[in-house]
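Results of the structural survey
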Amino acid sequence: MFGTKLLERRGRPERIADQAWQHLVSAVSSAGDSVRDTARSARRGGTDLADDATDLVGTAAEEARRRATLAFDALAGRRPALPWTLVISAALVGAAIGWAAGTAARAVGRSDRSVDDIEFVDVDRPNSPANLDG
């Protein structure tokens, strides 16, 4: 009762200021809710974007570091190291191909026995089967 009579006795500028204050408070609270929602969604999107950028920058940084090391070594007069994994793998592939070719050649040699069954006759010998007329 006391509050209602007090509000009625206020002047028009005070009532307008009070209404404006109430509107401001409600607008700020509703804006705060939407700002929080927007901030959450922006944080989620920003996190995904930051992760993608970190991956991209990380791989670019690794490549830049590798190239800088190679350039520094070249300027210092050092030759690049041999790619040992490539050399060893090429040697293993060569050995496997050689083994396969050797095995195939031996298999072909074993299957062709008709060449060994040929009997050679010496024509220059006097008692040879080729000189039977004499």
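It should be noted that the structure appears before, not after, this text.
All of the points below concern the structure found in this document. Please read these numbers as outputs of a predicted model, since none were measured by experiment. (Residues numbered from 1 in each chain as written. Predicted model: local features only at pLDDT ≥ 70, side-chain atom pairs only at ≥ 80, totals over all residues. Heavy atoms only, no water.)

**Let's talk about the pattern of salt bridges**
- Inspection of every chain in the model, using the stated rule, returns three salt bridges.
- Between Arg 67 and Glu 63 there is a salt bridge whose closest N-O contact spans 2.8 Å. Pair noted here: Arg 67 and Glu 63 are both in helix α2 (residues 12-75), with a separation of four residues, about one helical turn.
- Relative accessible area serves as the criterion here: at 55%, Arg 67 is assigned to the exposed category.
- Among the salt bridges present, the one from Asp 73 reaches Arg 78, with a minimum N-O distance of 2.6 Å. (Salt bridge = Lys/Arg side-chain N within 4 Å of Asp/Glu carboxyl O. Helix = DSSP H or I, 4+ residues; strand = E, 2+ residues; numbered from the N terminus. Buried < 20%, exposed > 50% of the residue type's maximum accessible area, 1.4 Å probe, protein only.)

**Thoughts on a negative patch on the surface**
- Together, Asp 48, Asp 51, Asp 52 and Asp 55 give the surface a local cluster of negative charge.
- Position of Asp 51 relative to the elements: it lies in helix α2. (Patch = residues over 30% accessible without salt bridge, like charges linked within 9 Å, V, L, I, M, F, W, Y side chains within 5 Å. Areas by Shrake-Rupley, 256 points an atom, 1.4 Å probe, with all protein chains shown as cover. Lys, Arg positive; Asp, Glu negative; His and termini not counted. Charge placed at Lys NZ, Arg CZ, Asp CG, Glu CD.)

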